[in-house]
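Structural characterization, general
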Amino acid sequence: MKMKYLKNVVTLDLNSDKCTSCGICLDVCPREVLADKAGQIVIKNRDACIECGACALNCPFSAIKVRAGVGCAAALIKASLTGGEATCGCSEGTCC
Amino acid sequence: MAFQKIDMETVSCCGAVPMQNIIADAPYIIGRLPVTGGEVPLVSTKLTWRDHGGTIKARWDINRMNYLVQPGLYGVGNPTPDSPVLVSANYKMSFDYLRRELSGIDAWILVIDTKGVNVWCAAGKGTFGTEEIVNRIALVNLAGIVAHKNIIVPQLGAPGVSAHQVKQRSGFRVLYGPVRASDLPAFLRSGMRATPAMRNVNFNLIDRLVLTPVELVAVIKPLSITALLLLIIQVAGLLTVTWDMVYPYLGAVLVGAVAVPALLPLIPGRSFAWKGWLVGVIWALLVVWFKGWQWDGLPGILQTAGYIGILPAISAYLALNFTGASTYTSLSGVQKEMKAAIPCMIAVFCLGVAALGVGAIVK
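Residues numbered from 1 in each chain as written. Chains lettered and ligands numbered in written order. Predicted model: local features only at pLDDT ≥ 70, side-chain atom pairs only at ≥ 80, totals over all residues.

**Description of the overall build of chain A**
Across its full length, chain A carries three helices and four strands. Ordered by position from the N terminus, the helices and strands of chain A form the series β-α-β-β-α-β-α. Residues counted as buried form 42% of the 96 residues belonging to chain A. (Helix = DSSP H or I, 4+ residues; strand = E, 2+ residues; numbered from the N terminus. Buried ≥ 20, exposed ≤ 12 C-beta atoms within 10 Å, placed from the backbone.)

**Digging into the overall build of chain B**
Helix and strand content of chain B: 14 helices and seven strands. Dimensions of chain B, computed from C-alpha atoms along their principal axes, come out at roughly 85 × 45 × 35 Å. Looking at chain B residue by residue over its 363 residues, the buried ones come to 43%.

**Focus: the nonpolar core**
Membership of the largest hydrophobic core comes to 79 residues, with the highest contact counts inside it found for C25 and C55 of chain A together with L86, V87, I109 and L110 of chain B. Dropping the residues within four chain positions of it, L86 of chain B is found in contact with L98, A107, W108, I109, L110 and I152 of chain B. Listed in part, the 41 residues of the second largest apolar core include L76 of chain A together with A252, A284 and L311 of chain B. (Core = buried A, V, L, I, M, F, W, Y, C linked by C-beta atoms within 7 Å. Contact = placed C-beta atoms within 7 Å.)

**Concerning the environment of I267 of chain B**
Residues and elements named next belong to chain B. Its place among the elements puts I267 in the loop between helix 11 (243–263) and helix 12 (272–290). Spatially, the C-alpha atom of I267 lies 36 Å from that of F187, the residues being 80 residues apart in sequence. Ignoring any residue separated from it by four or fewer positions in sequence, one finds I267 in contact with V260, K275, L278 and V279.

**Some details on helix 2 (residues 49–59) of chain B**
All names here are of chain B. For helix 2, the full list of buried residues reads D51, G54 and A58. An end-on view of helix 2 places all buried positions within 60 degrees of arc, on one side of the element. The exposed set on the far side of helix 2, more than 90 degrees from its buried face, consists of W49, H52, G53 and I56. Buried residues along helix 2 sit against helix 3 (92–99). With its phi angle positive at about 65 degrees, D61 sits one or two positions after the end of helix 2. (Arc of directions from axis to C-beta.)

**Describing the domain arrangement of chain B**
How big an interface is tends to be stated in terms of the accessible area lost upon association of its parts. Residue and element names in this part refer to chain B. Partitioning chain B into structural domains gives domain 1 (8–201) and domain 2 (206–362). The centre of domain 1, based on its C-alpha atoms, is set 41 Å off from the matching centre of domain 2. Listed as interface residues are four residues of domain 1 and, on the opposing side, five residues of domain 2. Split into classes, the residues belonging to the side of domain 1 that touches domain 2 amount to two nonpolar, no polar and two charged. (Domains from an automatic or database assignment. Nonpolar A, V, L, I, M, F, W, Y, C, P; charged D, E, K, R; others polar.)

**Describing the interface of chain B and chain A**
Counting from both sides, the interface comprises 42 residues of chain B and, opposite them, 40 residues of chain A. Mapped by element, the contributors of at least two residues to the side of chain B that touches chain A are helix 4 (119–125), helix 7 (163–170), helix 13 (298–321) and helix 14 (331–362) of chain B. Among the elements that line the side of chain B that touches chain A, the one with the most residues is helix 14 of chain B, at eight residues. Looking at side-chain class alone, the side of chain B that touches chain A contains 22 nonpolar, 14 polar and six charged residues.

**Focus on the pairing of strand 6 (residues 150–154) of chain B**
Remark: a regular strand shows side chains that alternate across the two faces of the sheet. Residue and element names in this part refer to chain B. Most of strand 6 is tucked away, with four of its five residues classed as buried. By the bridge criterion, five bridges tie strand 6 to strand 7 (residues 173–177) in an arrangement that is parallel. Note that in strand 7 the partner of I151 across the bridge is V174. Between the parallel elements strand 6 and strand 7, the chain passes through helix 7 in a crossover that is right-handed. (Pairing = 2+ DSSP bridges. Right-handed = clockwise from strand over helix to strand, strands pointing away.)

**A few points about the environment of E32 of chain A**
One can find E32 of chain A in the loop between helix 1 (24–28) and strand 2 (34–37). It is 7.8 Å that separates the C-alpha atoms of E32 of chain A and A48 of chain A, two residues lying 16 residues apart in sequence. Those residues in contact with E32 of chain A, other than ones at most four positions away along the chain, are N45 and A48 of chain A together with P196 and N200 of chain B.

**So, the confidence of the model for chain B**
All names here are of chain B. For chain B, per-residue confidence averages 87 on the pLDDT scale, and residues scoring 70 or more make up 94% of the total. pLDDT under 50 marks residues 1–19. Its contacts with residues more than four places away, or in other chains, come to 25 contacts. What the predictor reports for the complex is a pTM of 0.80 with an ipTM of 0.85. (pLDDT = per-residue confidence, 0-100.)

**Observations concerning the packing of helix 12 of chain B against helix 13 of chain B**
Residue and element names in this part refer to chain B. Axis separation between helix 12 and helix 13 bottoms out at 7 Å; the angle between their running directions is 145 degrees. Considering the relative orientation of helix 12 and helix 13, their crossing is right-handed. Residues F272, A273, K275, G276, W277, V279, G280, V281, W283, A284, V287 and V288 of helix 12 form the contact with helix 13, whose participating residues are T304, Y307, I308, L311, P312, I314, S315, A316, L318, A319 and L320. (Axes fitted to C-alpha atoms, helices over the stretch in contact; angles between N-to-C directions. Left-handed = near helix turned anticlockwise from the far one by under 90°.)

**Remarks on helix 12 of chain B**
Residue and element names in this part refer to chain B. Here helix 12 contains 19 residues, and its C-alpha end-to-end distance of 27 Å stays within 8% of the 27 Å for a straight helix at 1.5 Å per residue. Among the residues of helix 12, F272, A273, K275, G276, W277, L278, V279, G280, W283, A284 and V287 are the ones counted as buried. On its buried side, helix 12 packs onto helix 11, helix 13 and helix 14. Directly beyond the C-terminal end of helix 12, a positive phi value near 55 degrees is found at G292. (Expected span 1.5 Å × (residues − 1).)

**Quick notes on unusual backbone geometry**
Residue and element names in this part refer to chain A. If you check the backbone angles, N8 has positive phi at about 50 degrees while not being a glycine. Looking at where N8 falls in the secondary structure, it is placed in the segment before strand 1 (13–14). Residue classification places N8 among the exposed residues on the basis of 9 C-beta atoms within 10 Å. With a phi close to 50 degrees, A38 is a non-glycine residue in the positive phi region. With respect to the helices and strands, the residue A38 is situated in the loop between strand 2 and strand 3 (40–43). Given 6 C-beta atoms within a 10 Å radius, A38 is considered exposed.

Here it is as structure tokens:
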């Protein structure tokens, strides 16, 4: 079962003028958000995007923009309380 | 083989430059392969009880932040200069899940320093990233050991890795491998082609359940403090604490930390806080029903209102915290949800506490 999160919140933006349809974004997306439609990359399933930023970082032509970050309430709450950066993984400041 | 603690100098978190290619003995190292300029440890593809024990502990948040493998180049099988190079995080669980899939395969494993954090979370932070891969390739002298120019990076590392920049800076081409290590043998057999199924992230019941212990452990600390406070109150003779008083709250915690993650797709609605609140309301109503309260008198009504305010708010908060463990939430979505949910939670929680307080006085 494919679970869906909130609708119409994602910041993903694809600039078709810069895109060369090389397809690296299709390889890195873990959510099948993008698709190759007759040789043109399109956003097929915007609401499935988790804003991981893989496509934007791997696009050699800077054709994709997305505000990447963690979809993690605990990290965001902690960041807003401590003024730090919201990251997952290293909790309790044990790491760096 | 004697277990030797990994030299902390070489794997320390910040700053220290790891020594090149000197990898200390570890229980999973079963041999050493001489290569140009040193030797590469060969690792077993069989997990032992010790490895499984470590995984279970990490799942329960025991030693999870210090469960690591020394970064460097390793091998499985009989790697040759033509064997593929697989990149891994240095979280021991990531490393174990990779090597156990490689029986009968000859390959190199390039373990990069992610401070003991798994691939996905480290990629989000950028520690599983372009910089570390480029540096590690140079440190282990990869170009002097393999005859090709490809490295296979787990796809979930892509949020931290820029393939074209790695190529530009190291000469090595990044091939994104499957999401799950279990698909690696098929990926390698098919000439490094990932099927769409290999590129997708699952989040099934088992995926979710293995994550719930960490959520539970996270609430054990506040629960222990609460238990201690109750004990003090009890001993001081201020109040007789009974199971009857405690179980509604304990249940609300379990609802948020275990039941909601397990039942996630079955609970209507998309917001995690909403899902937690909804199941929390059902729990609160059950509690009211178990207690067989009267609805006509004011004290009864106030206590009922108190539980319906407090218990779902606890569940909702814990369910909201599961957004980080899930695989399908986005930053923008969680921010939107928090903006709406957190003030509501605080409001109903406070109203609930007020109702219970007034109820106790009226009684």
